[in-house]
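Structural features, examined
Letter by letter, the chains look like this.
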Amino acid sequence: MISLVEVSHAFRGRAGAVEALAEVDLEIGEGEFVAVIGRSGCGKSTLLRLIAGLITPSSGRVRVDGVMVTRPRPDVAMLFQQPALLPWRSVRDNVLLPAEILRLPRPAYAERAQELIETVGLAGFEKRLPHELSGGMQQRAALCRALLHRPRVLLMDEPFSALDALTREELAGELQRIHMDLRPTTVFVTHSIQEAVLLADRVVVLSPRPGQVRKIVEIAIPRPRSFGHNAHLEEVTEHVAELHELLLT
Amino acid sequence: MRTPRVVAPFFGVVGTVAVWWLATALFHIRPLFLPAPPDIVSAFRRQPAYLLHEAWATVTETIIGFGIAAAAGLGVAVVLAASRTVERALLPLFVALNSVPKVSVAPLLVVWLGFGPRPKIFMVVLICFFPVVVATMAGLSSTPAELSDLVRSLSASWWQTYVKVRLPWALPQIFVGLKVAVSLAVVGAVVAEISNPNRGLGAVIVLSGTSFDTPLAFAAIVLLALISVVLFYLVASAERLLLPWARAITG
């Protein structure tokens, strides 16, 4: 579904070019959930923005569904670190934004928006403005918005990092459920090893500056997985330890 | 028990007036220099119809001028912010024009526009225009990166981005400009009236000076302050009513 071939990207800075990514090769299959971890400044976000078509690589090829990515595609949705809700729109109208911009029929999507809002537990808050909601609820609304137009690819840039620990776990659980349900191809950038192990089929570990694929770790634990007590505690511990090792050395 | 929010400001005002009154009485200050509060009230009560009539002239000039400036300022800012080239071409000119002390052109306005209300209205427009332009342009260029990325990732057109994100996002800042403008608007009207005193509270102040009627001048000044405060709160409440979410993003 997503393929990166020898992708490098450099930003022009004042002191010359800063290389963010170098020679990244990555294949992501349809419906797969891939987590990308690495330390700050390893180009994780750059990788995501390249797939989203928000930026084009300095060299190499990025393909989504076999087509070279040169600009954003409507079937690729993004979820950011900040909920990025429009503060003047109610939860429902925020969720419906993609339908408006892509000029999709409103009645059908209003129904779908309602379903999504109920799925993430925001029923009863449809008419609230974002500032009346907690951070976790805002990010839930943003997730609904990202899923509204049934994107085939979901790109998430540390979507839970601005939330408190409990809300993070809760939302990660919900994301797992939604992914099992809808199966969008998902690329999930995170700092959290736990989140990566909980959610991903494969975890891509990037080395810092310039970002290169250090290792890809397969997580073969059956779903649904959960934090804490869990039948596969040993495997989880093993994976967490391995990823820790990879990140810290 | 908590005291209501109006209690402290109320005592602040009452206390200040009391000190002022006491000072005029204790030091036997003549009303010609500094009238006591009751002198001002009686100055008003001697000719309330006249004062209110002149106040109305000032209010209409102020509101018409402010309205024109707000509309023109918004329009110009929207055009300027739409194109980097136009912005670069015209912004320095606006900055230069804005640094001209507007008061200094008051006498010229009489030459250009005559003696009626027009030079006064024009002065209000001159003074209010720039704050609106500058605030609107700042607002239009302050769209947060994540919102731009969001609409870009949805392949939104330029127009969709503008109407659905940039413009609404700018509204709180536009209101900042409008509030600055409305508090300057009365200044503009009075300056124009003083340089060409035929109507309005500015004219009342000039006339009271020639007849050494200081209490009358103070009555006019008090009315001007009231007008200014009321207009400011009208704009501020319009903002609170129209943009209940604005505090969330500016705070």
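If you're wondering where the values come from, they're calculated on a predicted model, not measured in any experiment.

Right, let's get into the UniProt feature "domain: ABC transmembrane type-1" (unreviewed entry) in chain B. The UniProt record annotates "domain: ABC transmembrane type-1" (unreviewed entry) at residues 55–235 of chain B. Within the segment residues 55–235 of chain B, helix and strand shares are 86% and 0% respectively, and the terminal C-alpha atoms sit 19 Å apart.

Further remarks concern the layout of surface pockets. Residues and elements named next belong to chain B. By volume, the largest pocket is sized at about 280 Å³. Val17, Trp20, Pro37, Ile40, Val41, Phe44, Ala219, Val222, Leu223, Ala225 and Leu226 are the residues that line the largest pocket. Elements with a minimum of two residues in the lining of the largest pocket: α1 (7–26), α2 (37–46) and α10 (214–242). The element that contributes the greatest number of residues to the lining of the largest pocket is α10, accounting for five residues.

All names here are of chain A. The first and last C-alpha atoms of helix α5 (residues 135–147) sit 19 Å apart over 13 residues, in line with the 18 Å expected at 1.5 Å per residue. Counted residue by residue, α5 has twelve buried out of 13 residues, so it is predominantly covered. Looking only at α5, the buried set comprises Gly136, Met137, Gln138, Gln139, Arg140, Ala141, Ala142, Leu143, Cys144, Arg145, Ala146 and Leu147.

Turning our attention to a nonpolar patch on the surface. All names here are of chain B. Taken together, Leu22, Leu26, Phe27, Ile29, Leu32, Phe33 and Phe212 make up a surface patch of nonpolar side chains, about 790 Å² in accessible area. Mapped onto the elements, Phe33 comes out in the loop between α1 and α2. Assessed through its relative accessible area of 59%, Phe33 is described here as exposed.

Taken together, the contacts link 19 residues of chain B with 25 residues of chain A. Interface of chain B and chain A: buried area, both sides summed, is about 2000 Å²; carbon and sulfur atoms make up 70% of it. Taken together, the links from chain B to chain A amount to two salt bridges. With its nearest N and O atoms 2.8 Å apart, the salt bridge here joins Glu100 of chain A to Lys164 of chain B. Residue assignment for the side of chain B that touches chain A shows that the elements contributing at least two residues are α7 (145–153), α8 (158–195) and α11 (246–250) of chain B. A breakdown of the residues in the side of chain B that touches chain A according to their chemical character gives twelve nonpolar, three polar and four charged.

Here we come to empty space enclosed by the protein. The final tally for this structure, using the stated rule, is one cavity of 30 Å³ or more. Approximately 70 Å³ is the volume attributed to the largest cavity. Val76, Ala77, Met78, Pro98, Ala142, Arg145, Ala146 and His149 of chain A together with Leu150, Ser153 and Leu154 of chain B together form the lining of the largest cavity. Sorting the residues of the lining of the largest cavity by element identifies β6 (76–79) and α5 of chain A together with α7 of chain B as the ones contributing at least two each. Its residues assigned to classes, the lining of the largest cavity shows eight nonpolar, two polar and one charged.

Our focus in this paragraph is the UniProt feature "transmembrane region" (unreviewed entry) in chain B. According to UniProt, the "transmembrane region" (unreviewed entry) feature falls on residues 7–29, 63–82, 89–115, 121–140, 174–195 and 215–236 of chain B. Annotated as 100% helix and 0% strand, the span residues 174–195 of chain B places its first and last C-alpha atoms 31 Å apart.

Moving on to unusual backbone geometry. Residue and element names in this part refer to chain A. Phi at Glu6 takes a positive value of approximately 45°, unusual for a residue other than glycine. Looking at the secondary structure, you find Glu6 in strand β1 (residues 2–13). For Glu6, a relative accessible area of 45% translates into the label partly exposed. Residues other than glycine seldom take positive phi values, yet Arg183 does so here, at roughly 55°.

Turning next to the pattern of salt bridges. Here the structure, examined in full by the defined rule, presents 16 salt bridges over all chains. The residue Glu100 of chain A makes a salt bridge to Arg89 of chain A at a minimum N-O spacing of 2.8 Å. Within this pair, whereas Glu100 of chain A is found in helix α3 (residues 97–101), its partner Arg89 of chain A is found in the loop between β6 and α2 (91–95), the two being separated by eleven residues in sequence. Judged by relative accessible area, which is 23%, Glu100 of chain A ranks as partly exposed. With a relative accessible area of 11%, Arg89 of chain A lands in the buried category. Glu239 of chain B is paired through a salt bridge with Lys179 of chain B; the nearest N and O atoms lie 2.8 Å apart. Taken as a pair, Glu239 of chain B in helix α10 and Lys179 of chain B in helix α8 lie far apart in primary sequence, 60 residues in all. The exposure class assigned to Glu239 of chain B is buried, which follows from its relative accessible area of 13%. The network of salt bridges with common partners includes Arg89, Asp93, Glu100 and Arg106 of chain A together with Lys164 of chain B.

Rules behind the numbers
- Residues numbered from 1 in each chain as written.
- Chains lettered and ligands numbered in written order.
- Predicted model: local features only at pLDDT ≥ 70, side-chain atom pairs only at ≥ 80, totals over all residues.
- Heavy atoms only, no water.
- UniProt positions renumbered as here; feature names shortened; annotations may be inferred.
- Helix = DSSP H or I, 4+ residues; strand = E, 2+ residues; numbered from the N terminus.
- 1 Å grid on protein atoms, 1.4 Å probe; cavity = no way out; pocket = protein on both sides within 12 Å on 5 of 7 lines; lining within 4 Å.
- Points joined across faces, edges and corners; volume = space filled by probe spheres on them.
- Expected span 1.5 Å × (residues − 1).
- Buried < 20%, exposed > 50% of the residue type's maximum accessible area, 1.4 Å probe, protein only.
- Patch = residues over 30% accessible without salt bridge, like charges linked within 9 Å, V, L, I, M, F, W, Y side chains within 5 Å.
- Areas by Shrake-Rupley, 256 points an atom, 1.4 Å probe, with all protein chains shown as cover.
- Salt bridge = Lys/Arg side-chain N within 4 Å of Asp/Glu carboxyl O.
- Contact = heavy atoms within 4.5 Å.
- Buried area = accessible area lost by both parts, 1.4 Å probe.
- Nonpolar A, V, L, I, M, F, W, Y, C, P; charged D, E, K, R; others polar.

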